[in-house]
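If you want the building blocks of each chain, they are given just below.
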Amino acid sequence: MQDTVSIIAFIMWTGALALILVAARRRDDTVRQGLSMSGGYFVIMAPRMFFALFMAIFAAELLPRETISSWLGAESGFTGILIASAAGLLVPAGGIVAFPLALAMYKIGAGIPQLTAFLTTWEIFAIHRMIAFEWPLLGTRFIALRVSSSFMLPPLAGLIAAGLVALLLNEN
């Protein structure tokens, strides 16, 4: 997994440097503005990421390992995928909370298909987003139609992930 993280970091740094070079070719204030905005976002996001990762590390230590691994482990199968799908509804926060929580669950034994279902539910049915944006802007009818047309996506994503994990493990 560390190799994948290193490759992704390399790709991101390369992309950022390429964009800086493209901006520099414009010969205007774009590079300075971009670096200034990036620095501002870094100042805002760095403490959040620090505390989110801090939370994930402690959550991994404090969450009941046996319960998480039995309910959400790879061996929990489709039942675990359904439990993870339901659990994804309970995260009323953004990625700064959801992803470290997923990392903590992974570290203590949650399976990849189950985490896929958990994160898919969180992404599709984010309660905080529905309340803050969809309900006031689009109304309950839209929410009902969207939820009813997509409620099977998280378990389906979990099943597809389970198939891919099985396929990849058979290749090794």
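As shown above, the structure is provided for reference.
All figures in this text were calculated on a predicted structure; none of them were measured in a lab. (Residues numbered from 1 in each chain as written. Predicted model: local features only at pLDDT ≥ 70, side-chain atom pairs only at ≥ 80, totals over all residues. Heavy atoms only, no water.)

(A) View of the packing of helix α5 (residues 95-107) against helix α6 (residues 112-124). One way to put it is that α5 packs onto α6 with a least axis distance of 10 Å and a crossing angle of 165 degrees. In this view, α5 runs roughly antiparallel relative to α6, as classed from their interaxial angle. Crossing geometry of α5 relative to α6 is assigned as right-handed. Between α5 and α6, the contacting residues are Gly95, Ala98, Phe99, Leu101, Ala102, Met105 and Tyr106 on the first element and Ile112, Leu115, Phe118, Leu119, Trp122 and Glu123 on the second. (Axes fitted to C-alpha atoms, helices over the stretch in contact; angles between N-to-C directions. Helix = DSSP H or I, 4+ residues; strand = E, 2+ residues; numbered from the N terminus. Parallel < 35°, antiparallel > 145°, perpendicular 65-115°, else oblique. Left-handed = near helix turned anticlockwise from the far one by under 90°. Contact = heavy atoms within 4.5 Å.)

(B) Region of interest: the packing of aromatic side chains. A complete count under the given rule lists three aromatic pairs for this structure. Aromatic pair Phe50 and Phe54: ring centres 6.0 Å apart, planes at 20 degrees, arrangement stacked. Placement of both Phe50 and Phe54 in helix α2 (residues 30-62) is noted, with a separation of four residues, approximately one turn of the helix. Here the aromatic rings of Phe99 and Trp122 are separated by 5.4 Å at their centres, their planes lie at 80 degrees, and the arrangement is edge-to-face. Taken as a pair, Phe99 in helix α5 and Trp122 in helix α6 lie far apart in primary sequence, 23 residues in all. Phe99 gets classed as partly exposed once you look at its relative accessible area, which sits at 40%. Of the residues examined, Trp122 reaches a relative accessible area of 9% and is grouped as buried. (Phe/Tyr/Trp six-rings, centres within 6.5 Å; stacked < 30°, edge-to-face > 60°. Buried < 20%, exposed > 50% of the residue type's maximum accessible area, 1.4 Å probe, protein only.)

(C) Inspection of the pattern of salt bridges at higher detail. Counted under the stated rule, the structure contains four salt bridges. For Arg32, the salt bridge identified is with Asp29, shortest N-O distance 2.8 Å. Taking the shortest distance from any N to any O, the salt bridge between Arg146 and Glu134 comes out at 3.0 Å. Among the residues examined, Glu134 registers a relative accessible area of 8% and is labelled buried. (Salt bridge = Lys/Arg side-chain N within 4 Å of Asp/Glu carboxyl O.)

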